[in-house]
Amino acid sequence: MNLRELIRAGNGDIKADLVITNGKLINVATAEIYPAEVAIKKDHIVAIGDVDHCKGPQTRIHDAQGRYLAPGMIDGHLHVECSKLSVSSFADLVVPFGTTSVVSGLDQILVVAGLEGVRHFLDEANASPLTIHWGAPCKTPYTMPRSTVNHYFGPDDHRATHEWPECIGIWETVREFIQEEDDDVIEALEIARQHKLPVFGCSPMCKGSKLASYASAGIRLDHESYEVTEALEKMRNGMFMLIRESSISHFLEENIQLATKYVPQADHRISFCTDDVVATDVLKRGHVDNMVRMAIAAGVPPMAAIQMATINSAVACQIDHKVGLIAPGRQADILLIDSPESFTVEQVIAKGRFVAEGNHMIEPVKRPERPTLLTDTMHVAPVKAEDLKKRSEAQKVKVLSMNMSLDVPFVRNRRDVVLDVVDGEIKPDTEQDVLYVCVVERYGKTENKPVAFVSGFGLKYGAMATSTAPDDNNIVCIGTNAEDMAAAINWVIAKGGGQVFMRDGEPVVGLELPIGGIVSDIAPEEMAAKEEALDEAAREAGCALAWPFMNMFVLSITAIPDYAITDLGAVDCVGLNIFDPVLESIAD
């Protein structure tokens, strides 16, 4: 719809396609609630209040029956692909809960399939009820040292994409890149300045001089605060604060204290994001709507909580001229809810059409045809068990095992353990909860398949593997023995991507992810059933972690302290270097 049509529709010279009557408008711009009608032409709102001038013989009138009209919600930072659902399937998952916009870098398909892959996903979103506001990643991959991927996103890509209509800023600007003055990232930020694009940050556990240095790079917002005083310091340093509540990282209860205790007068600079969610969790708790309810339960006034899910996020990302409020000129993303206090989404209008009711899509989103660049991405030969055995000439060795923290999600601390060596192989030890962990480079650029050690998963038998594994999406596998690990990795390779739990060389549960080796077009309910089955297989094998496969698939993220593993080997995430996890030989 062009600008002249919008102007004429607002004046009533062109009649509206849809008018919502008998509703109570939640005006997040003025923090008011009042009776108002809303006129929609095509995919835009053209008038609110008294809209009789917009009604014509062909205008559809929808009676809201006294319900409240809220803006479609925005997830301010989200890795869509980490849901393992395609864009269309993800829309089927979250739109019924009232999320009509997400801010995403599509960085996971980017490292697999380059700009063509991102463009395909953006076009897919444009044809769906879900809007993706794309942040061009500062660079890919985010790993330090740089791991192997199919596409390395750099300054030339920034020059090529900043004019894309979906591009709204620089995304996931990892603090370590700024700290180390990474040449590519500094150049990307300079290009962003020229295009007047904001810079979105990622700086977990960042305070003091490191925060001052980071904020000096022009970082507009941050989504990675592990506790409230960290978030407060970032706000005092001028950043907008995104409170995160992912499927595994539950930080809302901690950080919502910004609005209830520390700086309630600054609640307009607080918004919501989920970062990483899975179907199992969303179908149980909801999506951003769940965060609204959680904030209200914590003591945030309902209007302020709704603003955090809508206009606050839009302002933080500088997209409030497009979305985030029910007002003329904005995209027609409107929720019909029961009340601001309970915030149950009953109907969803996205891009001017009724698309969901009762937390279900009226019709599933149509999946597009997938090009070969997205379906032929596994360029690695099958592995052998011998490839995955860590060796030593000693009889016992001391190793550094990455130990899953019980206090902070995803964090891996140091655990030194003595292991036996049998026939030259350093043996995993299930009694000490020390397993093998391996990453297999799957793009055909190297033959890398380093092996290290991990603790905290508690498996007594078998192996589990995944090819969806940010930030590089190589194959990650953990296991009690090399034979099951090889079988699991080879299953993933044969399927063109996926997740599997393997026991005695046979798959117990498998999930195929044929699109980029990282996502699937299956329905959210089917995905949730597979996720439950995979995690249950791990639990039956002894894993006590709440989300076994999610904890595994982030082991290659080097931005999470203190240790990680990529296709280059075990990584010291503080020293930013590769190290040998075998520390020393132990004498008898």
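These numbers were taken from a predicted model, which means no experiment stands behind them. (Residues numbered from 1 in each chain as written. Predicted model: local features only at pLDDT ≥ 70, side-chain atom pairs only at ≥ 80, totals over all residues. Heavy atoms only, no water.)

Let us now look at the pairing of strand β15 (residues 345–350). The buried fraction of β15 is high, at 5 of 6 residues. Examined bridge by bridge, strand β14 (residues 334–337) and β15 share 4 bridges and lie antiparallel to one another. Among the inter-strand pairings, Ile334 is bridged to a residue of β15, identified as Ile349. Both β15 and strand β16 (residues 353–357) contribute to a ladder of 4 bridges, which runs antiparallel. From the neighbouring strand, Val348 faces β16, where its bridge partner is Ala356. Hairpin connection of β15 to β16: 2 residues between the antiparallel strands, including Lys351 at a positive phi of 55°. (Buried < 20%, exposed > 50% of the residue type's maximum accessible area, 1.4 Å probe, protein only. Helix = DSSP H or I, 4+ residues; strand = E, 2+ residues; numbered from the N terminus. Pairing = 2+ DSSP bridges.)

Turning next to the domain arrangement of the chain. Assigned domains within the chain: domain 1 (3–66), domain 2 (71–323) and domain 3 (385–586). The C-alpha centroid of domain 2 is placed 31 Å from the C-alpha centroid of domain 1. At the interface, 7 residues of domain 1 touch 6 residues of domain 2. Buried area between domain 1 and domain 2, both sides added, is near 480 Å², and the carbon and sulfur share of it is 83%. It is Ile26, Val28 and Ala31 in domain 1 that bury the most area against domain 2; as a group they hold 88% of the surface buried on that side. On inspection of domain 1 and its partner domain 2, the count reaches 0 salt bridges. Taken together, the connections running from domain 1 to domain 2 amount to 1 residue pair in polar contact (both at pLDDT 80 or more). For the side of domain 1 that touches domain 2, the elements supplying multiple residues, two or more each, are β1 (18–27) and β2 (32–41). (Domains from an automatic or database assignment. Contact = heavy atoms within 4.5 Å. Buried area = accessible area lost by both parts, 1.4 Å probe. Salt bridge = Lys/Arg side-chain N within 4 Å of Asp/Glu carboxyl O. Polar contact = N/O pair within 3.5 Å; in protein donor to acceptor, adjacent residues only side chain to side chain.)

Right, let's talk about the sheet that holds strand β27 (residues 563–566) for a bit. A sheet is described by the order of its strands in space; here 3 strands give the open sequence β27-β28-β29, paired in antiparallel fashion. In this open sheet, the two edge strands, each paired with only one partner strand, are β27 and β29 (577–579). Averaged over all pairs of adjacent strands, the angle between their axes in this sheet comes to 45°, without regard to strand direction. Across 3 bridges, strand β28 (residues 569–572) lies against β29 in antiparallel orientation. By the bridge assignment, Val571 is partnered in β29 with Ile578. (Axes fitted to C-alpha atoms, helices over the stretch in contact; angles between N-to-C directions.)

Ranked by internal contacts, the top residues of the largest apolar core, which has 162 residues, are Phe90, Phe272, Phe457 and Ile478. Counting residues per element, this core draws most heavily on helix α3 (residues 107–126), at 9 residues. Taken domain by domain, the makeup of this core includes at least three residues from each of domain 2 (71–323) and domain 3 (385–586). Leaving out residues up to four positions away in the same chain, Phe90 has contacts with Leu78, Val80, Ser83, Leu85, Val102, Leu130, Val277 and His287. Within the second largest apolar cluster, 34 residues are counted, among which are Leu419, Ile475, Cys477 and Met485. (Core = buried A, V, L, I, M, F, W, Y, C linked by side-chain atoms within 4.5 Å.)

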